[in-house]
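Breakdown of the fold
So the chains spell out like this:
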Amino acid sequence: IQSMDRRDFMLSTAVPFVLPVGRLCGQEAINPDRIPLDPARTVRDYCLETELTPDTAAILCPTGENYERIARDLSARLAPECGGPLEVRIVAPEDRAWPPSPRHLVLIGNAINHPLIFHLHVNHYTLVDEYFPGPEGEIVHTVHNPFGDYRNAIILGGSDTHGSARAAEVLI
């Protein structure tokens, strides 16, 4: 048995990582046409347009009299622009599943009181919770096609009901 010195060992273990597999197996060089495209541009459609009509969107709010009032007021005030009032649904804390409806979603609240916003929060699509944006603070932003079902979400977030009401005013 012949001993292997440090140089020979390093060469025998490093060469497979330096050379492409095709070269080691005697195959021709890598074809640049077969290199996969950037996944950020090919994995999903970002659905950049969000049409708000009674047929294509719904407002979902957490349980609570104040949140229901905010949602109904928002629906009534958006009705002239949207061609009619948007459906308002109350989401119970145990309703954690993403709704199967093919509508865009207007979500009011934060990750603590709204299970769908929580779902977006744990997937790093939104930051709104009881601490951000803070007391009476609001945040309004969109989440484009978060789960690949061609639906967008509009987050009207607030750490409390005052912040959520202000977020609804921003949207209007």
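Shown above is the structure to which this text applies.
A few points on the structure. Nothing here was measured: the structure is a model prediction, and the numbers come from that model.

Examining the packing of aromatic side chains
A full pass over the atoms with the stated rule returns 2 aromatic pairs. Note on Trp98 and Phe147: the rings are 4.9 Å apart at their centroids and 65 degrees apart in plane angle, and the pair reads as edge-to-face. Of this pair, Trp98 sits in the loop between β2 (87–91) and β3 (104–109) while Phe147 sits in the loop between β4 (138–143) and β5 (153–158), and the two are 49 residues apart along the sequence. On the numbers, 6.0 Å between centres and 75 degrees between planes, the contact of Tyr125 with Phe147 is edge-to-face.

Section: the pairing of β5
Judged by how many residues are buried, β5 sits mostly within the fold: 6 of 6 residues are covered. By the alternation rule, side chains of β5 split into Ala153, Ile155 and Gly157 and Ile154, Leu156 and Gly158, which are all buried. Where β3 meets β5, 5 bridges bridge the pair, whose relative direction is parallel. Residue Leu107 lies in a different strand from β5, and its bridge partner there is Ile155. With 6 bridges connecting them, β4 and β5 associate as antiparallel partners.

The rules behind these values
Residues numbered from 1 in each chain as written. Predicted model: local features only at pLDDT ≥ 70, side-chain atom pairs only at ≥ 80, totals over all residues. Heavy atoms only, no water. Phe/Tyr/Trp six-rings, centres within 6.5 Å; stacked < 30°, edge-to-face > 60°. Helix = DSSP H or I, 4+ residues; strand = E, 2+ residues; numbered from the N terminus. Buried < 20%, exposed > 50% of the residue type's maximum accessible area, 1.4 Å probe, protein only. Pairing = 2+ DSSP bridges.

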